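# Coordinate inspection notes
Below are the chains, spelled out letter by letter.
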Amino acid sequence: MGWRGEWRAMIELREVSVRLGETLALDRVSLSVAPGEILGLVGASGSGKSTLAYAAMGLLPERAVLSGSVRVEGGDPAVMNALRGGAVGMVFQEPMTALNPAMTIGAQVAEAIRLHERVSRRAARRRAAEALARVGLDVPPGRFPHQLSGGQRQRVAIAIAIAARPRFLLADEPTTALDTVTQGAIVALLVRLVREERMGLLFVSHDLALVGGMADRIAVMEGGRIVEEGATSSVLRAPSHAATRRLLARALHRPAPRPDPVPGLPLLEVQGLTRRYTGGGGVEDVSFAIRPGEIVGLVGASGAGKTTILRNVLALEKPETGRVLLAGEDFHHARGSRLRALRRQVQAVFQDPAGSFDPRQTVGRIVAEPLHLVPSLAPAEVRSRVAAALARVGLDPGTAERLPHLFSGGQRQRIALARALVVEPQLLVLDEALSALDASTRADMLDLLSGLNVAMLFVSHDLALLRGFADRLLVLHEGRIVEEGATAEVLAHPRHPHSRALVDAMPDAGALPIPPEPALR
């Protein structure tokens with residue numbers, strides 16, 4: 001009898017352990033996902049979630065030593081290579097590592113279909129277009145990955161995963177880079193596929209509110225083990241393990257209130273910024289200002305133009321019309337020493353710090369990189385500034401001699417922040433800087449950022465995060481700012497239809513039953 005007529009597990013891990021060198025990354029993990037079931041896998045950074053995902057897919061590195069068994073539909077574990085991409089689909093966090101930059105997105109989706117089914121090229125192209133439309137991607141199939149925003153690329157990755165109609169899907173942080181509207185649409189799509197096709201889904205995420213609203217069961221990981229597992233409502237309402245209680249308590253963390261921004265002249269002024277691109281997209285007549293010490297959140301759907309604004313604020317490209325003024329001086333007209341002086345005043349922290357690190361450089365050299373903007377620094381002064389920047393973000397100055405791959409995601413983000421702070425800027429530009437972090441690490445980073453006396457332009461799709469952090473919100477839609485105001489006011493009473501759509505699509509973190517603080521001790 002085929003899989004549709006049986007209730008055996010779509011995928012089953014039995015006593016799986018994984019050793020990476022001297023590190024026991026997984027310790028006797030057992031779990032299963034039934035047809036038509038969604039299992040949410042949560043845990044702090046370094047708990048073993050991604051290692052479990054790679055073990056389930058047969059994608060562990062060569063040096064990994066695996067024991068136990070991984071079976072799909074009760075079959076031979078050795079057939080995983082043949083099943084992967086067809087009967088077993090997967091979506092990972094960073095789509096650029098999964099997409100071929102030299103192939104169009106339509107060709108990549110069609111390739112996934114033709115690898116596992118005997119269909120004509122024409123039929124594969126038709127089904128590829130249907131898959132792209134099904135994930136809500138309204139761009140021509142002839143586009144290349146670099147022509148899309150991060151959220152659009154993630155939708156392409158999901159389209160590839162579902163194109164061959166898999167019976168089991170593993171999704172490792174698949175909505176991390178997506179705005180709330182797109183995130184809601186993708187989650188609704190995945191849930192519908194599970195229910196209609198009786199597909200099994202293992203959904204790995206650090207977002208407890210998101211998992212709590214979609215998963216049938218939740219498994220909580222800590223230290224390479226599953227420490228708690230059960231029905232979603234039971235785990236969230238009556239957590240039995242301290243790790244679960246910690247995750248719940250940190251999910252709604254809000255940093256301590258900051259002092260009000262300093263009144264007076266703006267630090268940053270964007271006046272009538274227009275920047276268009278040949279293939280479409282860009283921004284039109286964008287204007288806003290940020291005062292010294294003020295935190296301004298910039299939100300909008302994928303492709304709305306957020307990255308275009310950041311690139312112009314950082315003077316990485318020039319506007320067609322309009323100006324970007326930093327402390328009253330036009331950033332784009334400065335040259336030589338004046339340009340270097342202005343660049344010192346505005347620094348950036350991006351979503352994926354590892355992508356901006358040279359893996360062969362020590363942390364000390366990485367953090368010291370912007371100091372070339374400061375003239376005539378002696379080597380001893382460089383070392384002193386690097387040590388001070390590392391200490392400021394809560395890292396031991398001794399880490400300066402280590403390589404970046406030895407650190408967790410949260411630690412790497414602290415290193416990226418130290419690099420930005422080492423030249424003592426007046427403005428930080430943060431592009432989804434906390435979106436890939438688990439709730440506990442994100443809470444720590446929020447506390448750290450909140451304690452800095454620095455103005456910030458904070459791009460995020462996470463409205464719940466900005467609710468207790470940003471002073472004001474800018475809502476961007478199709479290249480224009482459609483709403484602006486105090487954060488609490490915009491979230492409580494959004495005026496523009498797009499603002500309302502973003503707010504309505506927020507995962508309901510307020511529904512999580514946060515345990516009292518004494519339960520954590």
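Within each chain, residues carry numbers counting from 1 in the order of the written sequence. Side-chain atom pairs in this predicted model are given and counted only at pLDDT of 80 or more, local residue features only at pLDDT of at least 70, and totals for whole chains, interfaces and linings cover all residues. Note: side-chain values were computed over all heavy atoms of the structure, leaving out hydrogens and water.

In the annotation of an unreviewed UniProt entry, the entry for the protein reads ABC transporter ATP-binding protein, and the organism field reads Sphingomonas aracearum. UniProt positions are given in the numbering used here, feature names are shortened, and annotations may be inferred rather than shown by experiment. Recorded under Subcellular location (unreviewed entry), the UniProt text for the protein is reproduced unchanged: "Cell inner membrane". In its Sequence similarities (unreviewed entry) section, UniProt records this for the protein: "Belongs to the ABC transporter superfamily."

A few words on the pairing of strand 19 (residues 480-486). In the case of a regular strand, side chains alternate between the two sheet surfaces. With six bridges connecting them, strand 18 (residues 472-477) and strand 19 associate as antiparallel partners. Across the sheet, the residue bridging to Val475 is Glu483, located in strand 19. Two strands are counted as paired when DSSP detects at least two bridges linking them. Counting from the N terminus, the helices are the DSSP runs of H or I reaching at least four residues and the strands are the DSSP runs of E reaching at least two. Linking strand 18 back to strand 19 in an antiparallel pair, the connection comprises two residues, with Glu478 at a positive phi of about 50°.

UniProt tags residues 11-248 and 268-503 as "domain: ABC transporter" (unreviewed entry). Here residues 268-503 runs as 34% helix and 25% strand, with 27 Å between its end C-alpha atoms.

Attention shifts here to the domain arrangement of the protein. Along its sequence, the protein is carved into domain 1 (11-251) and domain 2 (268-520). Look at where the C-alpha atoms of domain 1 and domain 2 centre, and you get two points 28 Å apart. Here, residues are in contact when the closest pair of their heavy atoms is within 4.5 Å. Taken residue by residue, the interface counts 32 residues in domain 1 and 31 residues in domain 2. Accessible area that two parts lose when put together, evaluated with a 1.4 Å probe and summed over both, is termed the buried area. For the pair domain 1 and domain 2, the two sides together bury roughly 2700 Å², of which 59% comes from carbon and sulfur. Broken down residue by residue, the surface that domain 1 buries against domain 2 is led by Thr180, His206 and Arg250, which jointly contribute 25%. The term salt bridge refers to a pairing of a side-chain nitrogen on Lys or Arg with a carboxyl oxygen on Asp or Glu at a separation within 4 Å. Joining domain 1 to domain 2, the criterion identifies one salt bridge. In this document the domain limits rely on a domain assignment from an automatic tool or a database.

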